Amino acid sequence: MTMMPTIPVTFRLNGMPQACMAKPETRLSEILRDHLGQSASKTACGIGRCGACTVLKDSVPVNACLVMAWQVGGSDIVSPEGLDAFPETRFIRQGLVEEAAFQCGYCAPGFVVALTALLRDNPHAGEADIRAALEGNLCRCTGYHSIIRGALRAAGLLQQAHQQAAQAGRPT
Amino acid sequence: MAEEPALSVLHPASLVDAVAMVRDEATGTRRYAAGATAIQLEWARGLAKPSALVDLGHIPGLAGITAEQGYLGIGASTPLASLVTDRRIRAASPLLAAAARTVAGPAVRNLGTIGGNVAGRTGCLLPPLLALNAELDIFGRNGPFREELADWLGRTADKADIITAIRLPAMTAECRWTQRKIGLRAAFTPSIIGVAGILDIDGDRILAARLAVGGGIVRPMRLRAVETSLAGQSLAACDWQKLRHDLFCAIEAPDDDFRSGRYRRTVAANALACGLAGALPKSAEMPGHHSPSAASSLAPPLPGEIRLAREEQQARWFTRPDLPPKVNGTFAYLTDHRAPDMLVGRILRAGVPHASILAIDTRAAEALPGVVAVVTHRDVPGENAFGIVVQDQPAFCGDKVRYVGDAVAAVAAIDAATAERALALIKVDYETLPVVTTPEQALADDAPAIHATGNLQRILHFSRGDIETGFAAAAHVVEDTYVTPRQMHGFMETEGGHARIEPDGSLAVFVGGQHGSRDRLQLSRILAMPEDRIRVVTSPTGGAFGGKDELTVQPALALLAIKSGRPVRLQLSRAESVLAGTKRNPMTIRMRTACDADGRLLAQEVDVLADAGAYASLGPGVLETALEHAGGPYVIDNVSTRGRLAYTNNGTCGAFRGFGANQMTYALECQMDRLAERCGLTPVEIRRRNLKPVGAPGYLGQDVAPSERLTEMLLAAETSPLWRQPRGLSADGTEIVGIGMAMNYQGNGLGSLVPDPAGGRLSLSGDGTIEAAYGLDEMGQGLLVTIQSAVSTELGCGRNDIRPVTGDTALAPESGSTTASRGTFVVWKSAQMAAPQFARAICEAAAGLLARNANDLRLAPGGIAERLSNSGDLLMTYTQLAAALPPEERPSVTVAYEFPKNSYTEGNARYIFAFGACLARVAVNRLTGQVRVLDLVQHTAAGPVMDVAAYLGQMEGGAVQGIGFTLSEDAVMKEGRYITANLDTYMLPGIADTPQTMRIHALGGLDAGDDFGPRGAGELGIGAVTPAIANAVADAIGYRPPMSPFSPEAVLDAMEAMP
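Residues numbered from 1 in each chain as written. Chains lettered and ligands numbered in written order. Predicted model: local features only at pLDDT ≥ 70, side-chain atom pairs only at ≥ 80, totals over all residues.

J.: What is the right way to read the overall build of chain A from this model?
T.: On a plain count of helices and strands, chain A comes out with 6 helices and 5 strands. Shown N-terminal to C-terminal, the secondary structure of chain A runs as helices and strands in the order β-β-α-β-β-α-β-α-α-α-α. In terms of C-alpha radius of gyration, chain A reaches 17 Å, essentially the compact-globule figure of 16 Å for 172 residues. Across its three principal directions, the C-alpha atoms of chain A cover 65 × 40 × 25 Å. Counting only residues that meet the buried cut, chain A has 62% of its 172 residues in that class. Restricting the contact set of chain A to residue pairs at least 6 apart, pairs at least 24 apart contribute 61%. (Helix = DSSP H or I, 4+ residues; strand = E, 2+ residues; numbered from the N terminus. Rg over C-alpha atoms; globule rule 2.2 N^0.38 Å. Buried ≥ 20, exposed ≤ 12 C-beta atoms within 10 Å, placed from the backbone. Contact = placed C-beta atoms within 7 Å.)

Right, here's the structure in full:
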């Protein structure tokens, strides 16, 4: 049997085509950090239980540590490095910074990905929606309230921007 | 050792092809995979990988949801997330949609499929699907067929069968349904047991019942006998108490290390009976929501106290400099560093809790292509021992291992896979030794010795007065034994970093820590290398909480870098971090406390037995701190305390936020409430009668610093609006709500006997920034923003003129450890000491260049200004000043001093304390015995608040860590092995566990003449959370849990026994 067989993995990462060789069971989290030098997403449990490695796969949040190389092929992946493409993310980052949402920050990129998906789908998300959307993301420093405040502030900023855009008659 | 066979993945295009791929012996251990989330958890638990995965993802016809003719058809590859959101499912089967919402977390639900959840036979959807009479569409070796789920579960499935769809009848409008998953925390939890129940009803008559349980280790099953007994009954006449009993008898559920079978059966019966009946029995007799009499005596809020919230503190709310890059994902942690020629390190752990090492053979590993260095104890040039207090822990074990996570060897290789394969090639011969699993066992006469010095690591005594006289005079005596858990720090960034040999041959180690110069000292001993040849960088780090205070991976990284001559990186996986990392010392605290008829404390006897684990680390300090807090903020004339710390083979323990004080406060503050009940006093009144007067000595008789704020904190607790919130039975009858409080009293600094150096440096750098250098660490607590705040305030310059430099022995002076709530003081004090001289030097340098008198100049935001000018006009910017000065003339002021301490020498006594009171409002679940914190209020007095957001963050974050300690966290061990391997069963609080509201207050002032500045906020947040919750539970149900995390089973039993 061949030792360490690898397969070609081709996908889109943050809008750009990517190709690399990896063992079929190599996790996307490892591909991002160690093969492609994208270190914003973190690995803090490796079994899909903390959310630190959250990325968007075909536009929905997934745990990159639960996605194996053989499942990545052909998919569209957005890592925290690629979130600038989403208009919501700017407001999310602003809201989180203004509310001093994080401390050590190791979980922050995963939270930002999860919140981007939430506010993209539901710009009117309230506290209950935010709490539900973040059930898969662990933070050990903050106790979560600063993150909830930041997310609510982000939602407010986003709604404000939508209103201003609507008044000005242009899309956001 | 055999090479792990390579995994391949097959991609059939049709069901027929797929079946052919797994149908016979020749296909080996091939398995179908869809989302493949569960299979990866199996691998993490050590189960073998299949020879191949057969990917069902590209087969047409497995996706899609249909709703027609009263049936829902759900394609097997439908993601779990779709079950929650799909309108057809929500309409036709709200039970299923609700149940799907409790499976895993949102991102996992985007990967996992309904087919996978069913096919695994342990999934959380099985009880609801059973109750819904689901059928499975299966494609087997003989083609498609349909089978009832219940039948399919009752037989061994053919491994070639593919579930293609789940079919279930739509729920009717004429039904009553319930579902619940009982877990280990509020959400994203393994299932303890899940239930689903449906009653088809016609008016008051039950036509049919379908009840099911299952999930996790509970075999999914319908409860047919109970269903039959319900059919035909009148809803109104139904005896729900009897139903509960019948269900309990009918449900089968095993024990495991987390919950008993009895608990599972009880809560499942409760959940089904209550869910279908709409309320629990006995509710009528329970007191409804009410407000206590304390509410009538509400006084105005505490003068001078502020609520910490952005909207109320706009002018003092600053953006911390590290936050934008953290949120943007561009912040560089030490474990993120990659370099082209960098090797990857891995550590071989003992894997056995107690054994002699007979031989270590690394030859095969060394011979593996791609391996560059292998190190063992034979490569340790200096003392093979480290430890902050006593050096009893080997860098690499040579003669014996004392816990499962002991390091035996390490490898550096060209990549992670090669390093891991090399580890597997290292052969270690062990001769197992008897395992010491409890401190009690450790101290028995015939216990196997873990260290040559014996198993009693430390014994401490303190007594004052005469407890016999005290107890003899008592009107009331309460005694209990409080047990606290092996809490895991759970920092999100696991231990790791990198190391390299610099061009000059010196060593640089970059690993998140809490005291770089002490790490350097310890490395110097191990490596027999002078300290000035070692640079240690410890910042930034992704959380620490005490768990990075001791050395972690530094010895392995340093030895690998030295031996390989190349840069090496190494980061522990979470599983390895659980295995190897320090935990909080579990304690058993027996406490006996006496008071007179008026509630005045007369005597207290305390006996603490603490588990050190295999090595002392800071355990002796933790024990000492626990004992120092045995009397809390109260005066007790007659006390006797004893503490023992015993070595065991239970992992290894050390520093953790609270450092023994929070464990002791749990015991003491519960005792206070017990005595209050005996005396007929309120919790506030009994505390008032015993509160330590201002200026009175501390527990050990030592002098303490001024600005004591105990009376104020008690007043704040007394007047808290929280007492006006409803308590008693909740509106839906399923919870009982109570309110409790506890006082908070936390010593700062390392104590009177321990060297506690502090210092810092201010200097003008070449680019014109004012460098504020501290050998402290940014672990998330807000060190950098605190430095900006303190230094700019002292100098008069702008916050952004300051460039903090921290956590690097090459760049920052000794400041002492970033522990023991001491960092904020050190930042402030150093700035205060260095600022006058530094400002003068800046002004003199500028005066020379401007041909002015230095006395007429001052530091302003951006540069130097006219002393009396308030225009903001600058005479010269700092950049201009720096550019105009040769490097040696740029001002630089270094200060060094000892953290404030008293002269007490009979024991290690703190001088500085911080104060607080914590209130909690909790809901005790009558079905599950689980406790939910609804509201948490912290009043704190820790001197001036240096940064509002950072202080708030410490209090909120500490509180939720305290909630974890109280309700869900314990790294359970059995025979010296961790039962908990990762965050799937170690229950850090999630967002669903955080209270609905948290309110944090600070009383910031100091007494006139008090020049000790800000007290520490780092540990105050966790200090009194546990007893506040325990006392709130007692307020709700009359039972005060003496063991944390609270046992839901014990809480249920207590409620069952309620009158």
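Structure shown, so let's carry the discussion forward.
J.: How do you make sense of the overall build of chain B when you look at a structure like this?
T.: Scanning chain B from terminus to terminus reveals 31 helices and 44 strands. Relative to all contacts within chain B whose residues are 6 or more apart in sequence, the contacts with residues 24 or more apart total 77%.

J.: Please explain the sheet that holds strand S2 (residues 31–33) of chain B as it appears in this structure.
T.: In any sheet, the strands associate via hydrogen bonds between backbone groups, in a parallel or an antiparallel arrangement. Residue and element names in this part refer to chain B. The strand order across the open sheet built from 3 strands is S1-S3-S2, with neighbouring strands paired in parallel fashion. Edge positions in the sheet fall to strand S1 (8–10) and S2, since each of these pairs with one other strand and no more. In this sheet, neighbouring strand axes are inclined to one another by 35 degrees on average, regardless of whether the strands run parallel or antiparallel. Pairing between S2 and strand S3 (residues 52–55): 3 bridges, direction parallel. Note that in S3 the partner of Tyr-32 across the bridge is Val-54. (Pairing = 2+ DSSP bridges. Axes fitted to C-alpha atoms, helices over the stretch in contact; angles between N-to-C directions.)

J.: How do you make sense of the domain arrangement of chain A when you look at a structure like this?
T.: It is common to report an interface's size as the accessible area lost on association of the parts. Residues and elements named next belong to chain A. What the domain assignment lists for chain A is domain 1 (7–80) and domain 2 (86–168). Summarising the inter-unit geometry, the C-alpha centres of domain 1 and domain 2 are found 22 Å apart. On the domain 2 side, the residues contacting the 14 residues of domain 1 number 11 residues. For the side of domain 1 that touches domain 2, the secondary structure elements donating two or more residues are strand S3 (54–57) and strand S4 (60–63). Examining the composition of the side of domain 1 that touches domain 2, we find that 3 residues originate from one element, S3, more than from any other. (Domains from an automatic or database assignment.)

J.: Any chance you could explain helix H1 (residues 28–35) of chain A here in plain terms?
T.: Residue and element names in this part refer to chain A. The buried count for H1 comes to 6 of 8 residues, which makes it a mostly enclosed element. Buried within H1 we find Leu-28, Ser-29, Glu-30, Ile-31, Leu-32 and Arg-33. Looking at the buried positions of H1, the neighbouring elements they touch are strand S1 (7–13), strand S2 (16–22) and helix H2 (69–72).

J.: I would appreciate a short explanation of the interface of chain B and chain A in the present structure.
T.: Contacts between the two partners involve 63 residues from chain B, matched on the other side by 59 residues from chain A. Put simply, the parts of the chain that give the side of chain B that touches chain A at least two residues each are S1, helix H2 (37–44), helix H6 (106–109), helix H13 (323–328) and helix H28 (948–967) of chain B. A total of 6 residues in the side of chain B that touches chain A trace back to one element, the largest contributor, which is H28(B). Looking at the side of chain B that touches chain A, its residues break down into 30 nonpolar, 21 polar and 12 charged. (Nonpolar A, V, L, I, M, F, W, Y, C, P; charged D, E, K, R; others polar.)

J.: Explain the nonpolar core here, please?
T.: Nonpolar side chains in soluble globular proteins tend to end up buried together. All names here are of chain B. Ranked by size, the top nonpolar core spans 403 residues in total, and within it Val-411, Leu-557, Ile-864 and Val-922 carry the most contacts. At 14 residues, helix H26 (residues 823–850) tops the list of elements feeding residues into this core. In this structure, Ile-864 is in contact with Ile-842, Cys-843, Ala-846, Leu-857, Leu-859, Leu-874, Leu-875, Met-876 and Leu-881, ignoring residues within four places of it in sequence. (Core = buried A, V, L, I, M, F, W, Y, C linked by C-beta atoms within 7 Å.)

J.: What am I meant to see in the environment of B:Asp202 here?
T.: Residue and element names in this part refer to chain B. Counting through the fold element by element, Asp-202 comes out in strand S10 (residues 191–202). Of the residues examined, Asp-202 has 8 C-beta atoms within 10 Å and is grouped as exposed. Measuring from C-alpha to C-alpha, the distance between Asp-202 and Leu-235 comes to 9.7 Å, with 33 residues separating the pair along the chain. Dropping the residues within four chain positions of it, Asp-202 is found in contact with Glu-174 and Leu-207.

J.: Can you walk me through the domain arrangement of chain B in this structure?
T.: Partitioning chain B into domains gives domain 1 (1–171), domain 2 (334–433 + 495–571), domain 3 (584–751 + 906–1056) and domain 4 (757–898). Averaged C-alpha coordinates put domain 1 of chain B and domain 3 of chain B at centres separated by 47 Å.

J.: I would appreciate a short explanation of unusual backbone geometry in the present structure.
T.: Only a minority of non-glycine residues have a phi that is not negative, and only a minority of peptide bonds are not trans. With an omega of -5 degrees, the peptide bond running from B:Ser539 to B:Pro540 counts as cis. Residue placement: B:Pro540 occurs in the loop between strand S24 (534–537) and helix H19 (554–564). Located in the positive-phi region is A:Tyr144, a residue other than glycine, with phi close to 80 degrees. Position of A:Tyr144 relative to the elements: it lies in the loop between helix H5 (127–133) and helix H6 (145–168).

J.: What exactly am I supposed to notice about the packing of helix H25 (residues 783–795) of chain B against H26(B) here?
T.: In a pair of packed helices, the angle between the axes and the distance between the axes together describe the arrangement. Residue and element names in this part refer to chain B. It is the contact of H25 with H26, at a shortest axis distance of 9 Å, that shows an interaxial angle of 30 degrees. In the packing of H25 onto H26, the handedness of the crossing is right-handed. Of H26, the residues touching H25 (which contributes Leu-783, Thr-786, Ile-787, Ala-790, Val-791, Glu-794 and Leu-795) are Gly-823, Thr-824, Val-827, Trp-828, Ala-831, Gln-832, Ala-835, Phe-838 and Ala-839. In the contact of H25 with H26, the residues fall into 11 nonpolar, 4 polar and 1 charged. (Left-handed = near helix turned anticlockwise from the far one by under 90°.)

J.: Is there a simple way to explain the sheet that holds strand S15 (residues 355–361) of chain B in this structure?
T.: Residue and element names in this part refer to chain B. The sheet built from 3 strands is open, its strands ordered S17-S15-S19 with antiparallel pairing. Unpaired on one side and paired on the other, strand S17 (400–401) and strand S19 (427–432) mark the two borders of the sheet. Pairing of S15 with S19, which is carried by 6 bridges, proceeds in the antiparallel orientation. Along S19, the bridge assignment pairs Ala-355 with Thr-432.

J.: I keep staring at H25(B) and nothing clicks. Help me out?
T.: Think of an α-helix as turning once every 3.6 residues; residues three or four places apart then point the same way. Residue and element names in this part refer to chain B. For H25, which comprises 13 residues, the first-to-last C-alpha distance of 18 Å matches the rise-based estimate of 18 Å (1.5 Å per residue) to within 8%. Judged by how many residues are buried, H25 sits mostly within the fold: 12 of 13 residues are covered. As for H25, its buried residues are in contact with strand S33 (757–764), strand S34 (770–774), strand S35 (802–806), H26, strand S36 (857–860) and H28. Of the residues trailing H25, Gly-796 is marked for its positive phi of about 90 degrees. (Expected span 1.5 Å × (residues − 1).)

J.: Would you mind going over the packing of helix H4 (residues 108–121) of chain A against H6(A) with me for this structure?
T.: Residue and element names in this part refer to chain A. Between H4 and H6, whose axes approach to 12 Å, the crossing angle comes to 40 degrees. In terms of orientation, H4 lies oblique with respect to H6. The handedness of the crossing between H4 and H6 is right-handed. Residues Phe-111, Leu-115 and Leu-119 of H4 pack against Ile-147, Ala-151, Ala-154, Ala-155 and Leu-158 of H6. In the contact of H4 with H6, the residues fall into 8 nonpolar, no polar and no charged. (Parallel < 35°, antiparallel > 145°, perpendicular 65-115°, else oblique.)

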